[in-house]
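Descriptive analysis of the structure
Listed below are the residues making up each chain.
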Amino acid sequence: MSEEFARLLLLGVEALPVQERWLLGWLLSRPNRMSIAFEETAGLGPLGSRAFREMVARWRECELLTLAYSEEHDATLLQATDLAELLLRLDPVEWVLMTTDTSNLPPVDLDNVVELGAVA
């Protein structure tokens, strides 16, 4: 596991820069979570740019992208994965709860927390 992937698992979507979060959300909103215009929409320079290739390599390493065949375009395109959708759809608290073993933690008394918050 790479440091980048570990960071993504630890922090969730917060590990991605804002532009990459937007781009991932854009890709997830496309039919079949893929688009022939993905590289152009990324806006990381001219087509075939090094910055785009590096981002794709990072995302593939972190299991956010995979390759899939598009019948519509008769081409193999980059496709957002289920993990990418899960990562983007969950807020940071939900992400922590999903990725952390909380079975050995004592329950939280919310009334007590609210009272302490009101005093502070």
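Located above this text is the structure these notes cover.
Residues numbered from 1 in each chain as written. Predicted model: local features only at pLDDT ≥ 70, side-chain atom pairs only at ≥ 80, totals over all residues. Heavy atoms only, no water.

Bringing the packing of helix H2 (residues 18-28) against helix H4 (residues 50-61) into the picture now. It is the contact of H2 with H4, at a shortest axis distance of 13 Å, that shows an interaxial angle of 70 degrees. Judged by the angle between their axes, H2 and H4 are roughly perpendicular. Note on element contacts: H4 touches H2 through Met55, Arg58 and Trp59, opposite Glu20, Leu23 and Leu24. Its residues assigned to classes, the contact of H2 with H4 comprises four nonpolar, no polar and two charged. (Axes fitted to C-alpha atoms, helices over the stretch in contact; angles between N-to-C directions. Helix = DSSP H or I, 4+ residues; strand = E, 2+ residues; numbered from the N terminus. Parallel < 35°, antiparallel > 145°, perpendicular 65-115°, else oblique. Contact = heavy atoms within 4.5 Å. Nonpolar A, V, L, I, M, F, W, Y, C, P; charged D, E, K, R; others polar.)

In this section: the nonpolar core. Ranked by size, the top nonpolar core spans 26 residues in total, and within it Leu8, Leu24, Phe38, Trp59 and Leu64 carry the most contacts. Looking at this core, the elements that each hand over two or more residues are helix H1 (3-11), H2, helix H3 (38-42), H4, strand E2 (75-80) and helix H5 (82-89). When residues in this core are grouped by element, the largest group, five residues, is from H2. Ignoring any residue separated from it by four or fewer positions in sequence, one finds Leu8 in contact with Ala15, Leu16, Cys62, Leu64, Leu87 and Trp95. (Core = buried A, V, L, I, M, F, W, Y, C linked by side-chain atoms within 4.5 Å. Buried < 20%, exposed > 50% of the residue type's maximum accessible area, 1.4 Å probe, protein only.)

On to the pattern of salt bridges. In the structure shown here, the tally under the stated rule is six salt bridges. A salt bridge links Arg33 to Asp82; the nearest nitrogen and oxygen atoms lie 2.8 Å apart. Of this pair, Arg33 sits in the loop between H2 and H3 while Asp82 sits in helix H5; the two residues are 49 residues apart in sequence, bridging distant segments of the chain. Given a relative accessible area of 18%, Arg33 falls into the buried group. Across the pair Arg89 and Glu85 runs a salt bridge, and its minimum N-O distance is 3.9 Å. Of the two residues, Arg89 and Glu85 both sit in helix H5, four residues apart, roughly one turn of that helix. Since its relative accessible area comes to 29%, Glu85 is described here as partly exposed. Through salt bridges that share partners, Arg33, Asp82, Glu85 and Arg89 make up one connected network. (Salt bridge = Lys/Arg side-chain N within 4 Å of Asp/Glu carboxyl O.)

As far as function goes, none of this settles anything; it's purely spatial.
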